[in-house]
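Architecture at a glance
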Amino acid sequence: MSEFNFDEVVDRKGTNALKTDVLKERYGRDDLISLWVADMDFLSPPAISEAIIDRAKHCLYGYTCTPKEYTDSIINWVKRSHGWDIKQEWLSFIPGIVKGIAFVIDCFTEKQDKVVIQPPVYHPFRIIPTLHRRTVVDNPLVLSAGKYEMDLENLKSVIDDSCKILILCNPHNPGGRVWTKQELIDLAEICYERNILVISDEIHSDLVHQENKHIPFASVSEKAAQNSITFMAPSKTFNIAGIVSSYSIIPNDKIRNRFYNYLKSSELDEGHIFAYVATQTAYEKCDNWLKEAVEYIWQNIQFVDNYLKTNIPQVKAIIPQASYLVWLDCRELNLTQEQLVSLFVNDAKLALNDGSMFGQGGTGFMRLNVGSPRSVLAQAMDNLKKALSK
Ligand SMILES: Cc1ncc(COP(=O)(O)O)c(C=O)c1O
């Protein structure tokens, strides 16, 4: 028996939801089924809403310190979910992971330095360093037999002494890979030897499917631990992105002191009332919700995959090992990227992410967010099938 109703269609229009309320601006029309930005259309766990409402009812929202219970809940969660022992002093609140990436770039690099990314990858990995006028170096992932791999030989050949940071997406968005321990050890070895600090963005780490197991980058070896900054958050996991509740974990003293002094100097490490309440509740009271959500997402992935295989075999789903983002390989449609996007938007009335925004290797792909009720996905698939049969 399920305790939560993930089939419920919740109307998000008019709530300033990015997913629904900027369609006209972004896609040129607003009569679309919205399956793009990475949050889910499910209600967040009731325990979180109740805790927030409870706190809100106190009606006095003055300056708030970081409760020990909040920090403890993160330490326990990371141990319980990912088997990684972290210390209280390694932790800091950050006001978002994308912002965290910007802070690391600002704190650890100069204008002439380079940042390495592995496209196709979450687009802010390219946008943020570029806006900070750092050069981005691509080490493209390789797609082989429906699965993305890191090309570590190529990495060795593209990096030089100006490369100061590598941004790792662990698990990977949009490719859906949960990296293996060996892959992470090998990556850590190269980055350590070449003096490249690794930012490991682990925002999707709690949403792993089936037999896959998330492995925190910093936990794989001493070289990884001593040369990395890990970012995590309950935001994707429990659908609370709007609350802003990310945090960083840094085992190495020198890196930690430098980065946390940087944050402190602008009070960027100070959380807020509802981040503390939501994070602690998420990590202590929402296991059942998460278990059911992951299972529902997995069934959605299967639904989309089966639908495509039966009805639209030219479009292939890369099955994600984690999270709710399905990378659709549309190359067999033989369309230009402009035609492909227009097919989805204007013919099928669907708002997905244009694969080309994820950089090299993204052309010919679209990213589908399946964190929606199955009936919505069924409608979306039917729309696509009809659009293609025209
Ligand atoms: C890999 C990855 N990192 C970071 C974010 C955003 O994190 P934040 O809202 O904490 O900046 C996303 C959101 O889609 C993401 O997919």
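Parameters and conventions
- Residues numbered from 1 in each chain as written.
- Predicted model: local features only at pLDDT ≥ 70, side-chain atom pairs only at ≥ 80, totals over all residues.
- Heavy atoms only, no water.
- UniProt positions renumbered as here; feature names shortened; annotations may be inferred.
- Helix = DSSP H or I, 4+ residues; strand = E, 2+ residues; numbered from the N terminus.
- Rg over C-alpha atoms; globule rule 2.2 N^0.38 Å.
- Contact = heavy atoms within 4.5 Å.
- Areas by Shrake-Rupley, 256 points an atom, 1.4 Å probe, with all protein chains shown as cover.
- Lys, Arg positive; Asp, Glu negative; His and termini not counted.
- Charge placed at Lys NZ, Arg CZ, Asp CG, Glu CD.
- Pairing = 2+ DSSP bridges.
- 1 Å grid on protein atoms, 1.4 Å probe; cavity = no way out; pocket = protein on both sides within 12 Å on 5 of 7 lines; lining within 4 Å.
- Points joined across faces, edges and corners; volume = space filled by probe spheres on them.
- Nonpolar A, V, L, I, M, F, W, Y, C, P; charged D, E, K, R; others polar.
- Domains from an automatic or database assignment.
- Expected span 1.5 Å × (residues − 1).
- Buried < 20%, exposed > 50% of the residue type's maximum accessible area, 1.4 Å probe, protein only.
- Arc of directions from axis to C-beta.
- Polar contact = N/O pair within 3.5 Å; in protein donor to acceptor, adjacent residues only side chain to side chain.
- Axes fitted to C-alpha atoms, helices over the stretch in contact; angles between N-to-C directions.
- Left-handed = near helix turned anticlockwise from the far one by under 90°.
- Parallel < 35°, antiparallel > 145°, perpendicular 65-115°, else oblique.

Per an unreviewed UniProt entry, the protein chain goes by the name cysteine-S-conjugate beta-lyase and belongs to Dysgonomonas macrotermitis. Recorded in UniProt under Sequence similarities (unreviewed entry), the annotation for the protein chain is "Belongs to the class-II pyridoxal-phosphate-dependent aminotransferase family. MalY/PatB cystathionine beta-lyase subfamily." Per UniProt, the protein chain carries the Cofactor (unreviewed entry) text "pyridoxal 5'-phosphate".

Within the protein chain one finds 14 helices and 15 strands. Here the protein chain has a C-alpha radius of gyration of 21 Å; the compact-globule value for 390 residues is 21 Å, and the two agree. Taken along its principal axes, the extent of the C-alpha atoms in the protein chain is 60 × 55 × 40 Å. Counted over contacts in the protein chain with a minimum sequence separation of 6, partners at least 24 positions apart contribute 73%. Working note: accessible area of the protein chain is about 17100 Å², and carbon and sulfur atoms make up 50% of it. The centroid of the 42 positive side-chain charges in the protein chain is displaced by 2 Å from the centroid of its 49 negative side-chain charges.

Let's shift gears to the sheet that holds strand E15 (residues 365-369). Within the open sheet, the four strands sit side by side as E11-E12-E15-E14. Their pairing is antiparallel. Edge positions in the open sheet fall to strand E11 (316-318) and strand E14 (353-354), since each of these has one partner strand only. Taken together, the two bridges between E14 and E15 define a ladder with antiparallel strand orientation. Paired with Asp354 across the strands is Met366, a residue of E15.

Approximately 1100 Å³ is the volume attributed to the largest pocket. Contributing to the lining of the largest pocket are 42 residues, with Ala38, Asp39, Lys236, Ala241 and Gly242 lying nearest its centre. Among the elements that make up the lining of the largest pocket, the one with the highest residue count is helix H5 (residues 97-108) (three residues). Split into classes, the residues belonging to the lining of the largest pocket amount to 20 nonpolar, 13 polar and nine charged. In terms of domain composition, the lining of the largest pocket takes at least three residues from each of domain 1 (18-45 + 287-389) and domain 2 (62-285). The computed volume of the second largest pocket comes to approximately 400 Å³. Elements that contribute at least two residues to the lining of the second largest pocket include exactly helix H4 (68-82) and helix H12 (287-311). With six residues, H12 is the largest single contributor of residues to the lining of the second largest pocket. Residues belonging to the lining of the second largest pocket are distributed by class as follows: six nonpolar, seven polar and six charged. There are two domains that each give the lining of the second largest pocket at least three residues, and those are domain 1 (18-45 + 287-389) and domain 2 (62-285).

Along its 13 residues, helix H10 (residues 253-265) runs 18 Å from first to last C-alpha, staying within 8% of the 18 Å computed at 1.5 Å per residue. Among the residues making up H10, those that are buried are Ile255, Arg256, Phe259, Tyr260 and Leu263. Each buried residue of H10 sits inside an arc of 105 degrees when the element is viewed along its axis, so together they form one side. Of the residues in H10, the exposed ones pointing more than 90 degrees away from the buried face are Lys254, Asn261, Lys264 and Ser265. Buried positions along H10 lie against strand E2 (91-94), H5, strand E8 (197-201), strand E9 (228-232) and strand E10 (246-249). For H10, the capping residue at the N-terminal end is Asn252, with a side-chain oxygen 3.0 Å from the backbone nitrogen of Lys254. One or two residues past the end of H10 sits Glu267, with phi positive at roughly 55 degrees.

Where helix H3 (residues 46-56) contacts helix H11 (residues 273-285), the two axes come as close as 9 Å, and the packing angle between them is 145 degrees. Between H3 and H11 lies a crossing whose hand is right-handed. Across the interface between the two elements, Ala47, Ile48, Ala51, Ile52, Arg55 and Ala56 of H3 pack against Ile273, Phe274, Val277, Ala278, Thr281, Ala282 and Lys285 of H11. The residue inventory of the contact of H3 with H11, partitioned by class, reads ten nonpolar, one polar and two charged.

This brings us to the packing of H5 against H10. Interaxial distance between H5 and H10 falls to 10 Å at its minimum, and their mutual angle equals 110 degrees. Our classification of the angle between H5 and H10 gives roughly perpendicular. For the element pair H5 and H10, the recorded crossing hand is right-handed. Along its contact with H5, which presents Gly100, Phe103, Val104, Asp106, Cys107 and Phe108, the element H10 presents Ile255, Arg258, Phe259, Tyr262 and Leu263.

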